[in-house]
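# Structural overview
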Amino acid sequence: QYMQIDENLCMKFPEVLKQKLLKREIELPDLVQIEYEPILTYRAVQRNEDDYSPITREDFKSYFELGKTPKKRPRGTSEDFLSDPHYYGVSSFMNKELVEMKMKFPNPKKKMASGYVHMEGGPQETKLENGHVCWWLYKEADVSGFKLEKE
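The paragraphs below set out a description of the structure included in this document. Everything numeric here is computed off the predicted structure, so don't read it as measured data. (Residues numbered from 1 in each chain as written. Predicted model: local features only at pLDDT ≥ 70, side-chain atom pairs only at ≥ 80, totals over all residues. Heavy atoms only, no water.)

Moving on to the packing of aromatic side chains. Under the counting rule described, the total for this entry stands at 4 aromatic pairs. With a centroid separation of 6.0 Å and an interplanar angle of 85 degrees, the aromatic rings of F60 and W135 are classed as edge-to-face. A residue pair is termed long-range when its members are at least 10 positions apart, and F60 in the loop between strand 3 (39–46) and strand 4 (90–93) and W135 in strand 7 (residues 132–135) qualify at 75 residues. For the residue pair F60 and W135, the accessibility class agrees, reading buried in each case. Among the aromatic residues, ring-to-ring pairing joins F60, W135 and F146 into one connected group. The ring of Y138 carries K12 above its face, with NZ or CZ at 4.7 Å from the centroid. Note that R43 overlies the ring of F60, its terminal NZ or CZ placed 5.2 Å from the centroid. (Phe/Tyr/Trp six-rings, centres within 6.5 Å; stacked < 30°, edge-to-face > 60°. Helix = DSSP H or I, 4+ residues; strand = E, 2+ residues; numbered from the N terminus. Buried < 20%, exposed > 50% of the residue type's maximum accessible area, 1.4 Å probe, protein only. Lys NZ or Arg CZ within 6 Å of the ring centre and 35° of its normal.)

Structure follows, in structure tokens:
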């Protein structure tokens, strides 16, 4: 149930994901869309209370780009999260309240960003049951359309 991605597409991803795809150590789920209409999403980003700096690609790093491992794995996900493509993508949600709830807003260390997940930035997979959007960003993805929400 995985999608073969052609090599030219693989080359657009950050190094960690590019290598895994090229070596076939991971593959993107077959529900991934490479061509799609823009999707309005919300994402919590690291910001202290008085920090309103603009959104950058740094705010859209996957667990692995950040060198993090997931704190707690959702039930039913594979033990081997290194081979789970979702940890190489970036999460956002179509529902702002869901982000606020998950990230325990108001949160002094986080702010809400909103903007459009778009195909020029990379493929995505949307889970309609919870509005979760996983976006596999290309290295050069433009995320300047995302803005911090005013309190």
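Further notes follow.
With respect to the element layout, E125 can be found in strand 6 (residues 124–127). Note on E125: relative accessible area 5%, which makes it buried. Side-chain polar atoms of E125 contact the side chain of H86, separated by 2.5 Å. In this view, E125 contacts P29, L31, V32, H86, H132, V133, C134 and W136; residues no more than four positions away in its chain are not counted. (Polar contact = N/O pair within 3.5 Å; in protein donor to acceptor, adjacent residues only side chain to side chain. Contact = heavy atoms within 4.5 Å.)

Nothing here speaks to function; it is all geometry.
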